[in-house]
Amino acid sequence: MRASATDRHEMPRALVEPTLVAYRSAGIGVFGMVMRFAGMPLEKIALFMNSSQVSGSHQFSQALRLTFKEGYLAPYRVVGPASIVAWLMQYSVMGAAFQTCDHALSTVLGVNPVWYGEQLMLPPEKSSRSIDYHFKASLKTALSPILAAAVESNVSNRAEVQRYFGKQMFPKVEAKLNLSPVARAAGPAFLPNMGRNWIMCQTTFLLTPITYRQFFPQEHKTKTSLFWYGLGMNIFVGNVAAITQQALWGRTLDFAAKNGHINYASIVKEGLQKEGTAAFFTGPKWFSRVLMNAPAQGVLPWFYNEVLPLGESTVLSALKFFVYDPVLKEYQEAKETTKQATSPLSRST
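The notes below deal with the structure included here. Keep in mind that this is a model prediction, so the values were computed, not measured. (Residues numbered from 1 in each chain as written. Predicted model: local features only at pLDDT ≥ 70, side-chain atom pairs only at ≥ 80, totals over all residues. Heavy atoms only, no water.)

**With respect to the pattern of salt bridges**
In this structure the tally under the stated criterion is 12 salt bridges. The partner of lysine 136 in a salt bridge is aspartate 132, with the nearest N and O atoms 3.4 Å apart. Residue lysine 136 and its partner aspartate 132 are located together in helix H7 (residues 131–165), separated by 4 residues, close to a single helical turn. On the basis of relative accessibility, which here comes to 28%, the residue lysine 136 falls in the partly exposed class. In this structure aspartate 132 comes out as partly exposed when scored by relative accessible area, which is 44%. Where lysine 320 meets aspartate 325, a salt bridge forms, and the shortest distance between an N and an O atom there is 3.4 Å. Residue class for aspartate 325 comes out partly exposed when judged on its relative accessible area of 34%. Each of the salt bridges in this network shares a partner with another, and the network as a whole consists of Arg36, Glu43 and Arg163. (Salt bridge = Lys/Arg side-chain N within 4 Å of Asp/Glu carboxyl O. Helix = DSSP H or I, 4+ residues; strand = E, 2+ residues; numbered from the N terminus. Buried < 20%, exposed > 50% of the residue type's maximum accessible area, 1.4 Å probe, protein only.)

**A look at helix H2 (residues 13–38)**
Spacing of three or four residues puts side chains on the same side of an α-helix, whose turn is 3.6 residues. Spanning 26 residues, H2 covers 38 Å between terminal C-alpha atoms, matching the ideal 38 Å at 1.5 Å per step. By the burial criterion, the buried members of H2 are Val16, Thr19, Leu20, Val21, Arg24, Ser25, Gly27, Ile28, Gly29, Phe31, Gly32 and Arg36. (Expected span 1.5 Å × (residues − 1).)

**Some thoughts on the layout of surface pockets**
Estimated volume of the second largest pocket: approximately 500 Å³. As for the second largest pocket, its lining consists of 19 residues, and the residues nearest its centre are Lys44, Glu70, Val78, Phe165 and Gly166. Put simply, the parts of the chain that give the lining of the second largest pocket at least two residues each are helix H3 (40–49), helix H4 (59–67), helix H5 (74–77) and H7. Classifying every residue of the lining of the second largest pocket gives 8 nonpolar, 4 polar and 7 charged. (1 Å grid on protein atoms, 1.4 Å probe; cavity = no way out; pocket = protein on both sides within 12 Å on 5 of 7 lines; lining within 4 Å. Points joined across faces, edges and corners; volume = space filled by probe spheres on them. Nonpolar A, V, L, I, M, F, W, Y, C, P; charged D, E, K, R; others polar.)

**Concerning the state of the cysteines**
Applying the stated criterion across every chain yields a total of 0 disulfides. Among the cysteines around cysteine 101, which has no disulfide bond, cysteine 201 carries the closest sulfur, lying 8.7 Å off. Since its relative accessible area comes to 16%, cysteine 101 is described here as buried. (Disulfide = S-S within 2.5 Å.)

**Here we look at a nonpolar patch on the surface**
Together, Phe135, Leu139, Leu143, Ile146, Leu147 and Trp198 give the surface a local cluster of nonpolar side chains, amounting to about 520 Å² of exposed area. Among the elements that make up the nonpolar patch, the one with the highest residue count is H7 (5 residues). With respect to the helices and strands, phenylalanine 135 occurs in helix H7. (Patch = residues over 30% accessible without salt bridge, like charges linked within 9 Å, V, L, I, M, F, W, Y side chains within 5 Å. Areas by Shrake-Rupley, 256 points an atom, 1.4 Å probe, with all protein chains shown as cover.)

**A short note on the nonpolar core**
It is characteristic of soluble globular proteins that their nonpolar side chains tend to be buried jointly. If you look at the biggest cluster of nonpolar residues, it comprises 22 residues, and the most contacted ones within it are Ile28, Phe98, Phe205 and Leu300. Sorting the residues of this core by element identifies H2, helix H6 (81–109), helix H10 (190–215), helix H11 (223–259), helix H13 (283–298) and helix H14 (300–307) as the ones contributing at least two each. Ranked by the residues each element gives to this core, the list is headed by H6, at 4 residues. Aside from chain neighbours lying at most four places away, what touches leucine 300 is Ile28, Phe31, Tyr91, Met94, Thr204 and Phe205. Ranked by size, the runner-up nonpolar core spans 12 residues in total, among them Phe170, Leu177, Ala189 and Trp249. (Core = buried A, V, L, I, M, F, W, Y, C linked by side-chain atoms within 4.5 Å. Contact = heavy atoms within 4.5 Å.)

From the geometry alone we can't say anything about function, so treat these as descriptive.
Following this line, the structure appears as structure tokens:
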């Protein structure tokens, strides 16, 4: 097992861990922002594919025509400053929220955090822990992605809705809905957006690293295999489930624009009556979702576990040189000296 960052840089864990969370979160944010902007045409195709604006045969062709109806650069013209900030925040907040929830719940419940970085390359863990431990670990595993998805959707959903309708139409739909301040900040169709993010967060940060370490053949564990394994989990597991929530999100927005309110029961009933299960899942819908999501989210487990760790030592060295040594080290040593001087053992001697 590798030495911890705390051991290598001789700084308090309470300083090291928040720094690494911030570094990883910022890295995820920049990565996600660049990949999502580059893939805007794919996103618009997926949004149209998973709405009620396309139906019947040749749905992919219909979505292509709608996407490029106003020119080849039309998908990029719906991107405003809010979307750029939202992408940066969405991915960085997703990473920060999951790491924070995972570490906080692990500390409270007395279980280990999810595996990260080089830990994925270790042999499968053979645990002989108690039933109580496994129950607590399962509880943490269930709660962490829910909390992270809720935070992520609070940051991203409103900007996603703006990209769906366009900067001119979105204010009109929003005014028609007459939302409360809280609902307005979250954006329309918040629940299916959160459901989709919960599925993808769970796939990226839990299912991929856990199943890779425990079940992937040890002799084939490499950076390359982790890249393709994460991509495969995204395409064939995460997106297969997430497409249902993406379709519900698009249909909810169409329903809201038409009727001036949202009623999920009516939306689902209407979709099933008109198109059956094809309203929420078809091969083309899944394929369009994969085109949009896989380049960014599909390779995120590889980026998170293999690329980001490469910069951790540099980040901690900078922290030590610019912050800890000149500012905090003397205070920390004085605190330790005072603690030792006032301990019962010191007084007895």
